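Structure at a glance
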Amino acid sequence: MTDQHSIRVVVADDQAIIRDGLVTVLGLLPDIEVVGEAEDGERAVALAAAEHPDVVLMDLRMPGLDGVAATERIVREVPGTAILVLTTYADDESILSALRAGARGYLTKDAGRAELAAAVRAVASGQSTFAPEVGALLVSTLTGGTGTGSAPAPASSLSARFPTLTKREVEVLALVADGLSNGEIASALFVSVATVKTHINAIFAKLAVRDRAQAIAIVRS
């Protein structure tokens, strides 16, 4: 019988050789149990509904129902399951689409075994996790850097509009305006959730707002 504390994982990828490799790697870890394999998004959704895994390791580009659409359905229909994206793509559009769909983590397929294991454990425990290059691109995109994502306003614009905010507070405000949670902001900026909360409280005080909704309204006005 499997240890009751094992993390139950479904692996979703349309390439059999990659699925097999992931199942083998995860199967060597004493605290992780692979409970299903899916070759497309529809199968991933069905397995999530049937098995209620702790984590679905989700590829983005799959035939039929893709990883983003499958993530949206699983997050909505099986809310106790965390989605960890594992994909070849680290462009801003893919990252933002996955996060908006509800993914809790995002790794690229060049991640090592230790990084993959740590990410599975992190998202299973309720944390968000991103590969370093993904986190850097996410911040660049959402704060109006070199990325081409659809952030509410670039950092330079926010800095000019709200001169009392520090550079870091501007970054946090941009991420808040794009709908990220405190945990997601912490992962993207490589700081603690407590630090994010401190920045958000300072932003609220400086902008004379009571909550995130009012802050977002000011940014988008």
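Residues numbered from 1 in each chain as written. Predicted model: local features only at pLDDT ≥ 70, side-chain atom pairs only at ≥ 80, totals over all residues. Heavy atoms only, no water.

**Points about the overall build of the protein**
Counting its regular elements, the protein contains 11 helices and six strands. With 221 residues in all, the protein has 48% of them scored as buried. When contacts within the protein are restricted to residue pairs at least 6 apart in sequence, long-range pairs at least 24 apart make up 63% of them. (Helix = DSSP H or I, 4+ residues; strand = E, 2+ residues; numbered from the N terminus. Buried < 20%, exposed > 50% of the residue type's maximum accessible area, 1.4 Å probe, protein only. Contact = heavy atoms within 4.5 Å.)

**Considering the pattern of salt bridges**
This model, assessed by the stated rule, comprises 10 salt bridges. Among the ionic pairs, K109 bridges to D59, the shortest N-O distance being 3.6 Å. Highlighted residues: K109 in the loop between strand 5 (105-108) and helix 5 (113-124) and D59 in the loop between strand 3 (55-58) and helix 3 (67-77), separated in sequence by 50 residues. In this structure, R76 and E77 form a salt bridge, with 3.5 Å as the shortest nitrogen-oxygen distance. Judged by its relative accessible area of 57%, R76 falls in the exposed class. Each of E42, R73, R76 and E77 takes part in salt bridges that share partners, so that together they form one network. (Salt bridge = Lys/Arg side-chain N within 4 Å of Asp/Glu carboxyl O.)

**Observations concerning the side chain of S6**
In this fold, S6 is placed in the segment before strand 1 (7-12). You can call S6 buried: its relative accessible area is 10%.

**A look at the nonpolar core**
Within soluble globular proteins, side chains that are nonpolar tend to cluster in buried spots. A12, V56, M58, I74, I83, V85 and Y106 are the most contacted members of the largest nonpolar core, which totals 26 residues. In contact with V56, not counting residues within four places along its chain, are V10, A12, A48, I74, T81, A82, I83 and L84. Counting residues in each nonpolar core, the second largest holds 22 residues, with V176, I185, A186 and V209 among its members. (Core = buried A, V, L, I, M, F, W, Y, C linked by side-chain atoms within 4.5 Å.)

**Quick word on the packing of helix 8 (residues 167-177) against helix 11 (residues 212-220)**
Put simply, helix 8 and helix 11 touch, their axes get as near as 9 Å, and they point 100 degrees apart. The angle between helix 8 and helix 11 places the two elements in the roughly perpendicular class. Across the interface between the two elements, L173, V176 and A177 of helix 8 pack against R212, A215, I216, V219 and R220 of helix 11. (Axes fitted to C-alpha atoms, helices over the stretch in contact; angles between N-to-C directions. Parallel < 35°, antiparallel > 145°, perpendicular 65-115°, else oblique.)

**Structural notes on unusual backbone geometry**
If you check the backbone angles, H52 has positive phi at about 50 degrees while not being a glycine. Note on placement: H52 falls in the loop between helix 2 (41-51) and strand 3. H52 gets classed as exposed once you look at its relative accessible area, which sits at 51%. In this structure, A208 takes a positive phi of about 55 degrees despite not being glycine. According to the relative accessible area criterion, A208 is exposed, its value standing at 70%.

**Considerations on the confidence of the model for the protein**
Counting all residues, the mean pLDDT for the protein is 84, and 86% of those residues have values of 70 or more. Low confidence marks residues 146-152, where pLDDT is under 50. Its contacts with residues over four positions away, or in another chain, come to 19 contacts. (pLDDT = per-residue confidence, 0-100.)

**Topic: the sheet that holds strand 4 (residues 82-87)**
Within a beta sheet, neighbouring strands are joined by backbone hydrogen bonds and run either parallel or antiparallel to one another. Taken in spatial order, the six strands line up as 2-1-3-4-5-6 in an open sheet, and their pairing is parallel. Each edge of the sheet is formed by a strand with only one pairing partner; in this case those strands are strand 2 (32-38) and strand 6 (129-130). Both strand 1 and strand 3 contribute to a ladder of four bridges, which runs parallel. Opposite V10, over in strand 3, you have V56 as the bridge partner. Here helix 5 sits on the sheet in contact with strand 1, strand 2, strand 3, strand 4, strand 5 and strand 6, set at roughly 155 degrees to strand 4. (Pairing = 2+ DSSP bridges.)

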